[in-house]
Structure formats: C-alpha cells, structure tokens
Amino acid sequence: MTDIQIQIDNKTYPAAADPSIVDLKLSLTSEEFICLVGPSGCGKTTLLNIIAGLDNDYEGDILVGRQHTAPKIGYVFQNPRLLPWRTVRENIELAVDERQPPEVIDALLEVMQLTAAQHSYPEHLSLGMSRRVAIIRAFAVDPEVLLMDEPFVSLDAPTARQVRELLLNLWQQRPHTILFVTHDLREAIALADRLIFLSAAPMQVVSEIVVPISRSERGNELAIESFRQQLLKNHPEIKQLL
Amino acid sequence: MISFKKCLPTLSLLAFLVIWQGLAVYLDSNTLPTPEAVAKVFWQACVSGQLPFHLGVTLLRLVISFAIAMLLGCAIGIVLGRNKKLDAFFDNWLVIFLNVPALVTIILCYVWFGLIESAAILAVVINKLPNVIVMIREGTRMLDQDLLDMARCYRFSKRKTLVHVIWPQLHPFVMGATRSGLALIWKIILVVELLGRSNGMGYQLHLFFQLFDVAGILAYTIAFVAVIQLIELLILKPLDKKALRWRK
C-alpha cells in the first residue's frame, strides 16, 4: 500500500461563475480511515469523482506514491449502483480481476453476512443489503483508495449501525485507505482515524483532527458523544459546517 | 367462470369461422370461398410442396435482411446515441430515409442493381435500417449514466461495458425494434418479390391475383400468419423471459 497525495488547484464547472474547489491539498496515509465532513453541496462528491477519474476537467495532480497515475479505486456511491440484471455475486465478480480466486469473494460475502443472498438479484434485496454488496464490490477490487460517498444515508438508525459495524469489521480484517464522506459528525467519529472538515464555495480544508478514541471503544456511544461535545467546544469554527 | 374465460379465445376464433362460413354460403361467390375450400387449397399446396418452397424462400430472405438490418442498426444506433456530433450530422439523413416510401427504394434498387437477389435484400434492409437506428439511438440516449460511471470507475473493458451494462438496458428497445421490424419486413418483402422475383410468397400472391384465385391468397395468408405466431411464441417470448428474469 502506498500513500496518496491529492492536490486540486482549481475546479470550476463550465456553467458556474465561481470555482467549486481552490487549492485543496489532501494527503492520505496508507491504510488510514479518513472522514470528510462538510455541509451538503460543498463539493464533496465532486472531489470524490475527481479522485475516481470520473471528472477530469480540473487543474491539479494526484500522486500515488511517487507516480502521477490514477489510483486503483473502489467506490461506494450514495446509491448502490448495482446492475439489476446481474446477481449479487455477478455484480462483484464483474468488478474484480478475472484471475482473482473466488475464495476472496466467498470470504467477503461471509464477513458482510451475504453468503445466502449471493445468487439473488438486487431487486430482491433491502437497501441495507444492497449497500453491503456495494461495499463488498469496493473491497473486492483491492483498491489503493476506497471512496465512500455517504453510503449509509437514508438507512434507518439500527440498519445504519449494523452496516457501519460490518464495515469496520471488514476494514480491520483487510485494511485499506478509505476516504469517507459524511455530514453526520457522530458517524465520522465512530469510523475515522482522522477527520477533515471542509467549507463550501470554494471548498477548502477548515481543520484536520485526529480521533484519539481507541478502536475497541468506537462502539461506545457515550465516548463518541463526549468527544463530539469536546470537539465542538474546542473548535467553534466547525459548528457552521455541520 | 374461469373455464369459460379460458375458452374465450377459442370461442372467438370459432365465431369468426362461423361468420366467414355464413357469409361465404350467403354470397356464393368465387371472391369469398368457404373456410373448408381454403383449408383444402392449403392442404394441397402443402402436399405438393409449393407452399413450403415459397414460404421457405421468403423466410430465408426475411432472416438475411432482418439480421443485416438489426446488426447494422444496433451498431449505428449505439454510436449515434453516444456521440452528439455524429448524431447532429446524420439526423437529417435519418429523417429522409425514414420518409422515403418503401416502393421508391425497391424500384430504385432494382433499376440500379438489376433484378437480382442482392438488390431485393438491399431494398428490404434500406427500408428497415432507419427504423432500427432511431429506436436504438433513443434507447442509448436513455442509458443510466450512474451505471456507466460505475463501470468506468471499476475499469470495465469496452466489451464488458457493452455486454453487461449497455446491452441489458437496450433490451426493451431491441425487442421493440425486432417486433416492429419483423412486421415491417414481412410486408416489404412481399412487395419486393411481387415486383422483381420469380419465387417467394409475394410472387405467388401476384400469380393468384392474376388468376383471381382468392382461396389461394387466403391459404397463403394463413400460412403467413401462422409463421409469425410461431416466431413470437418460440423465439421472441422465450428471449423476453430469459432477459427479464431478474425482474420481481
């Protein structure tokens, strides 16, 4: 695994008068879980699309190690984007290298508790299950950076908590660099090694905070809440971003 | 009640035959033979091998021209649907070809290339092609960009994207083009055969027309309708079922 440097000098949409992103620098350490927190519409999805290579209309550079290449990406989109005419397993298999042994997918399905549903079509799955399939697909390609764009939005609280725990479990078994977009501070604290707060129009880094809570304590809601209170008290500048 | 409902299609067919028989007996004219007379002609034409031969010739022309029109039409339709500049350039051509009367294309093909088999096939293809292109182009324009982005992000090859992402989305449009295409090609092929071939259903119908043989015309029509029904039942319906098995 290699570190990744992202530098976006300017990103302006053709129809917009003002730039969406100006002089944004992100440095991702290998196997680090980073949460990007910012108000909706601040350009977080634009940033992820640039990193994913879906949007090439920007000035800047992405460095993987020392090379100017596009990193290998796993992307969990806001909606799962599964092919409805392919089964759960086929959806995952299509994304991965054909030479990869099938046991890798078997193991991922098991961790995400989807072994029984692997031959079902996405229309027969609940939203929570579809999201889990999208997460498996992203891990299965063994990406250099895994992008997650509010993957738990519109899930009810218990389901969101369950998928979040499964995600953390999977990530601890197979550590990858994750860039996770959310506007839910509690969720961000529960997941991240480091929080990056972003402002809107143009998007800029407001502050970067390392989460000191140990991984074993992340399930403890009291610890999360107390850190959140402390964070809001010590960093008043982030209040307006939530 | 349920069994009565199930019998309705058969009953309606019987009613049709009864009305036909009644009218034929009432009119007592060569221009409207009874169902029985038509059945007899049908049977004789089958036994003599005349009907299977001409039907086979027409079917062969149908398969060849249909395959060419669908393959070319799908390829061009996808390209035009994905490329705005090419689409803007060829849009007028499409409108022109869509509106040239079938008869004009057929006559021109025969005049330019002679009364040969390839001219006949070409005339059918030219008539059907714009239709397929337009349908597939509309389908391609409606492709889900989210899924295409997903494919790009996961580095699907071009072939993988076409087979697993684009083609399943085009399926309803391809089936639409197939069904309307078969119906259109049937009709055009008969005219093509009537004007410039010495075999096939169109040629035979022309012959019956000159002989004023209505029973022959009706017997061949029945064979014709039966074949279309068989194609729908044995090929198109199973294809639909297989492609849409993922639906709830």
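Heads up: these notes are all about the structure in this document. Note that the coordinates shown come from a computational prediction; the quantities given were computed from them, not determined experimentally.

### Structural notes on the overall build of chain B
Then, in step 1: In terms of regular secondary structure, chain B is built from 10 helices and zero strands.
Then, in step 2: Taking 18 Å as the expected radius of gyration for a compact globule of 248 residues, we find that chain B reaches 22 Å, considerably beyond that expectation.
Then, in step 3: The C-alpha extent of chain B, read off along each of the three principal axes, is 70 × 60 × 30 Å.
Then, in step 4: Here chain B, with 248 residues, has 38% of them falling under the buried criterion.
Then, in step 5: Intrachain contacts of chain B at a sequence separation of at least 6 include 72% that bridge at least 24 residues.
Then, in step 6: Split by element, the accessible area of chain B, about 14700 Å² in all, is 72% carbon and sulfur.
Then, in step 7: Distance between charge centres in chain B, computed from 24 positive and 13 negative side chains, equals 11 Å.

### Details of the overall build of chain A
Then, in step 1: For chain A, the count of helices and strands is seven helices and nine strands.
Then, in step 2: Against the 2.2 N^0.38 benchmark of 18 Å for 242 residues, chain A shows a C-alpha radius of gyration of 18 Å, consistent with a compact globule.
Then, in step 3: Dimensions of chain A along its principal axes, counting C-alpha atoms only, are 45 × 45 × 35 Å.
Then, in step 4: Counting across all 242 residues of chain A, residues that qualify as buried make up 52%.
Then, in step 5: Counting only contacts in chain A whose residues sit at least 6 apart along the sequence, the fraction spanning at least 24 positions is 68%.
Then, in step 6: Here chain A displays about 10600 Å² of accessible surface, and carbon together with sulfur accounts for 49% of that area.

### A look at the pairing of strand β6 (residues 145-149) of chain A
All names here are of chain A.
Then, in step 1: The buried fraction of β6 amounts to five of the five residues, a majority that puts the element mostly inside the structure.
Then, in step 2: Residues V145, L147 and D149 line one face of β6 and the alternating positions L146 and M148 line the opposite face, and both faces are buried.
Then, in step 3: Where strand β5 (residues 73-76) lies against β6, four bridges are found, and the strand directions are parallel. Bridge pairing in β6 links V76 to M148.

### Section: the interface of chain B and chain A
Buried accessible area, meaning the area lost when the parts come together, often serves as the stated size of an interface.
Then, in step 1: Residue-level contacts link 19 residues of chain B with 29 residues of chain A.
Then, in step 2: Counting the surface lost from both chain B and chain A, the interface buries some 2200 Å², and carbon and sulfur atoms represent 57% of this.
Then, in step 3: For the chain B face of the interface with chain A, the top three residues by lost area are C153, Y154 and W246 of chain B, together amounting to 34%.
Then, in step 4: Summed over the shared surface of chain B and chain A, the result is two salt bridges.
Then, in step 5: Where chain B packs against chain A, one counts eight residue pairs in polar contact (both at pLDDT 80 or more).
Then, in step 6: Within the residue set of the side of chain B that touches chain A, elements represented by two or more residues are α7 (145-153) and α8 (158-196) of chain B.
Then, in step 7: Partitioning the side of chain B that touches chain A into residue classes produces nine nonpolar, two polar and eight charged.

### Things to note about the environment of P122 of chain A
All names here are of chain A.
Then, in step 1: Position of P122 relative to the elements: it lies in the loop between α3 (102-111) and α4 (127-140).
Then, in step 2: According to the relative accessible area criterion, P122 is buried, its value standing at 12%.
Then, in step 3: For P122 and V88, which are 34 residues apart along the polypeptide, the C-alpha to C-alpha distance reads 6.5 Å.
Then, in step 4: Dropping the residues within four chain positions of it, P122 is found in contact with L82, L83, P84, R86, N91 and S130.

Procedures and definitions
- Along each chain, numbering runs from 1 in the same order as the chain's sequence is written.
- A letter from A marks each chain and a number from 1 marks each ligand, given out in the order of writing.
- Local features are withheld for residues below a pLDDT of 70 in this predicted model, meaning they are given only at 70 or higher, and side-chain atom pairs are given and counted only at 80 or more; totals for whole chains, interfaces and linings count all residues.
- Only hydrogens and water are set aside when side-chain values are computed; all heavy atoms of the structure are taken into account.
- Working definition: helices are DSSP H or I runs of at least four residues, strands are E runs of at least two. Numbering for both runs from the N terminus.
- Put simply, the radius of gyration uses C-alpha atoms, and a globule should come to 2.2 Å times the residue count raised to 0.38.
- Residue exposure (1.4 Å probe, protein chains only): buried if accessible area is under 20% of the type maximum, exposed if over 50%, otherwise partly exposed.
- For this analysis, residues touch if any pair of their heavy atoms sits within 4.5 Å.
- The Shrake-Rupley method, run with a 1.4 Å probe, gives the accessible areas here. Residue values count only the displayed protein chains as cover.
- Charge convention: Lys and Arg are scored as positive, Asp and Glu as negative, and His as well as the terminal groups of each chain are ignored.
- Where a charge lies is defined by one atom per residue type, namely NZ (Lys), CZ (Arg), CG (Asp) and CD (Glu).
- In this description, strands pair whenever DSSP reports at least two bridges between them.
- The term buried area means the drop in 1.4 Å probe accessible area that two parts suffer when joined, counted for both and summed.
- Whenever a carboxyl oxygen of Asp or Glu lies within 4 Å of a side-chain nitrogen of Lys or Arg, that contact is scored as a salt bridge.
- What qualifies as a polar contact is a pair of N or O atoms within 3.5 Å, subject to a donor-acceptor requirement within protein and to the restriction that residues adjacent in sequence count only when both atoms come from side chains.
- Each residue is assigned to one of three groups, with Ala, Val, Leu, Ile, Met, Phe, Trp, Tyr, Cys and Pro labelled nonpolar, Asp, Glu, Lys and Arg labelled charged, and all others, Gly among them, labelled polar.

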